[in-house]
Amino acid sequence: MTAKPSERRRVALADALARRPAGAPVPSPCVGVCRIDAATGWCAGCWRTLDEIAAWGASDDATRLRIWQAVEARQAGTPP
């Protein structure tokens, strides 16, 4: 069964940035719930697409922030 976006756990860039060590890169939204929702194509834990997950490791901070913006837009139900 697929959970509605409003019922899923949310992740927030502000929270992730507050937890990162000084000088560290933009942190991943991963929360360890790695399951792609067939209906949306987003991870059930971090709200990223498979392409975003695959690209994360090689991405610079600007790209990571754009991915975070897309994640937060998905959570809000608005297009990125």
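These figures come from a predicted structure and were not determined experimentally. (Residues numbered from 1 in each chain as written. Predicted model: local features only at pLDDT ≥ 70, side-chain atom pairs only at ≥ 80, totals over all residues. Heavy atoms only, no water.)

Our focus in this paragraph is the overall build of the protein. Helix and strand counts for the protein stand at 3 helices and 0 strands. Each helix and strand of the protein, ordered N terminal to C terminal, gives the series α-α-α. Within the protein, buried positions represent 31% of all 80 residues. Taking contacts inside the protein between residues at least 6 apart in sequence as the whole, the part at least 24 apart equals 49%. Per element, the accessible surface of the protein, about 5,000 Å² overall, is 57% carbon and sulfur. (Helix = DSSP H or I, 4+ residues; strand = E, 2+ residues; numbered from the N terminus. Buried < 20%, exposed > 50% of the residue type's maximum accessible area, 1.4 Å probe, protein only. Contact = heavy atoms within 4.5 Å. Areas by Shrake-Rupley, 256 points an atom, 1.4 Å probe, with all protein chains shown as cover.)

Trans peptide bonds make up most of the peptide bonds, and negative phi angles are found at most residues other than glycine. Phi angles above zero are rare outside glycine, and W47 is one such case at about 70 degrees. For W47, the position within the fold is in the loop between α1 (13-19) and α2 (50-56).

The next thing to look at is a nonpolar patch on the surface. Judged by side-chain polarity, I36, L50 and I53 come together as a nonpolar surface patch covering roughly 240 Å² of accessible area. Residue position: L50 is located in helix α2. (Patch = residues over 30% accessible without salt bridge, like charges linked within 9 Å, V, L, I, M, F, W, Y side chains within 5 Å. Salt bridge = Lys/Arg side-chain N within 4 Å of Asp/Glu carboxyl O.)

Moving on: the environment of S59. Mapped onto the elements, S59 comes out in the loop between α2 and α3 (61-76). With a relative accessible area of 14%, S59 lands in the buried category. Polar side-chain contacts of S59 include one of 2.7 Å to the backbone oxygen of A55. (Polar contact = N/O pair within 3.5 Å; in protein donor to acceptor, adjacent residues only side chain to side chain.)

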